[in-house]
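What follows is each chain in one-letter form.
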Amino acid sequence: MPNKPGICFVSHNKNKLVEIRQLAPEGFDFFGLDELGLNEEIPETGSTIEENSALKAQFVFQRYKIACFADDTGLEIDALNGEPGVYSARYAGSGNNSVKNMELVLKKMEGKENRKARFKTVITYIDKQGKHHSFEGIVQGHILEAPKGTKGFGYDPIFKPVGYKKTFAEMTMEEKNRISHRSKSFNKFFSFLNSVDG
Ligand code: IMP
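Residues numbered from 1 in each chain as written. Predicted model: local features only at pLDDT ≥ 70, side-chain atom pairs only at ≥ 80, totals over all residues. Heavy atoms only, no water.

Asks: What's the story with the overall build of the chain in this structure? I'm lost.
Replies: Secondary structure assignment for the chain yields six helices and six strands. The helix and strand sequence of the chain, counted from the amino end, reads β-α-β-α-α-β-α-β-β-β-α-α. The C-alpha radius of gyration of the chain comes to 17 Å, within 12% of the 16 Å expected for a compact globule of 198 residues. Across its three principal axes, the chain shows a C-alpha extent of roughly 55 × 30 × 25 Å. Looking at the 198 residues of the chain, the share that counts as buried comes to 45%. Summarising the internal contacts of the chain: among those between residues at least 6 apart in sequence, 55% fall at separations of at least 24. (Helix = DSSP H or I, 4+ residues; strand = E, 2+ residues; numbered from the N terminus. Rg over C-alpha atoms; globule rule 2.2 N^0.38 Å. Buried < 20%, exposed > 50% of the residue type's maximum accessible area, 1.4 Å probe, protein only. Contact = heavy atoms within 4.5 Å.)

Right, here's the structure in full:
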């Protein structure tokens with residue numbers, strides 16, 4: 001199959017890029033910000049996950065006028081009015097410290113009966129004509145009272161998806177990928193790319 005034109009993934013995270021290349025259908029060529037030569041941090045000043053995802057993609061499209069996409073993920077907890085949400089990475093302060101972030105969530109959740117929460121990923125894709133497309137992936141679950149499991153990252157040890165006995169941190173990467181917010185949004189995105197370019 002001939003290669004389809006490259007699409008920029010608006011991220012400096014090399015691990016994510018590797019993961020996306022593995023998940024993507026054959027023939028797509030994704031490249032990251034480092035390959036584009038963009039070294040600066042893109043401001044994430046939105047007040048929602050949707051806004052931040054769009055802001056990041058817009059930043060690159062406005063500067064380079066190329067097809068690009070950005071993703072943004074957050075954990076929304078009902079009893080905390082949707083927090084940490086857009087602040088998931090820096091909930092307990094700058095530095096993206098997962099242990100401190102989880103500790104803060106567990107402290108705020110002390111005594112709360114409603115433990116319902118969801119992970120949400122939003123992908124914003126801007127095609128080469130400048131048209132925006134958005135793809136959402138959600139997984140519903142509950143916040144435990146103490147961390148369980150050592151795999152994964154971020155809030156995985158305190159999040160148990162509905163219908164499962166394990167937290168995300170007790171699942172293998174394959175198990176988590178089968179049901180995760182991120183894979184749901186990426187699968188929608190890839191199906192879309194296949195339908196328009198294939
Ligand atoms: P990002 O938008 O993918 O960088 O995610 C923002 C923050 O949300 C991360 O720093 C993590 O704290 C949290 N997060 C995102 N995805 C996951 C996940 O799959 N499991 C646990 N935490 C996550």
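Asks: How do you make sense of the site of the ligand when you look at a structure like this?
Replies: In the region of the ligand, 14 residues are neighbours, and Lys-16, Thr-73, Asp-156, Lys-176 and Arg-182 sit closest. Between the ligand and the protein, one listed contact pairs an oxygen atom with a side-chain N or O atom of Asp-72 at 3.5 Å. Interatomic distance of 3.1 Å between a backbone N/O atom of Tyr-155 and a nitrogen atom of the ligand. Here the ligand, which alone exposes 480 Å², has 89% of that area covered by the protein. Among the detected pockets, the ligand sits in the largest pocket. Partitioning the shell around the ligand into residue classes produces four nonpolar, five polar and five charged. (Near = heavy atom within 4 Å. Polar contact = N/O pair within 3.5 Å; in protein donor to acceptor, adjacent residues only side chain to side chain. Areas by Shrake-Rupley, 256 points an atom, 1.4 Å probe, with all protein chains shown as cover. 1 Å grid on protein atoms, 1.4 Å probe; cavity = no way out; pocket = protein on both sides within 12 Å on 5 of 7 lines; lining within 4 Å. Sits in = over half its atoms within 2 Å of the grid points. Nonpolar A, V, L, I, M, F, W, Y, C, P; charged D, E, K, R; others polar.)

Asks: Teacher, can you tell me more about the sheet that holds strand E2 (residues 30-31) here?
Replies: To summarise the sheet geometry, strands pair through backbone hydrogen bonds and adopt either a parallel or an antiparallel arrangement. Pairing is mixed across the open sheet formed by six strands, whose spatial order is E2-E1-E3-E4-E5-E6. One side of each edge strand has no neighbouring strand; the edge strands of this open sheet are E2 and strand E6 (159-161). In this sheet, strand E4 (residues 116-126) lies alongside strand E3 (residues 68-77) in antiparallel orientation, the contact comprising ten bridges. In the sheet register, Phe-69 faces E4, and the bridge partner there is Tyr-125. (Pairing = 2+ DSSP bridges.)

Asks: What's the story with the nonpolar core in this structure? I'm lost.
Replies: Soluble globular proteins tend to pack their nonpolar side chains together in the buried interior. With 18 residues, the main nonpolar core has Leu-75, Ile-77, Val-105, Ile-143, Tyr-155 and Phe-159 as its most contacted residues. Elements with a contribution of two residues or more to this core: E3, helix H4 (98-108), E4 and strand E5 (132-143). Among all residues touching Tyr-155, those that are not within four sequence positions of it are Leu-75, Pro-84, Ser-88, Tyr-91, Asn-101, Met-102, Val-105 and Phe-119. With 17 residues, the next largest nonpolar core counts Ile-7, Phe-9, Phe-30 and Phe-192 among its residues. (Core = buried A, V, L, I, M, F, W, Y, C linked by side-chain atoms within 4.5 Å.)

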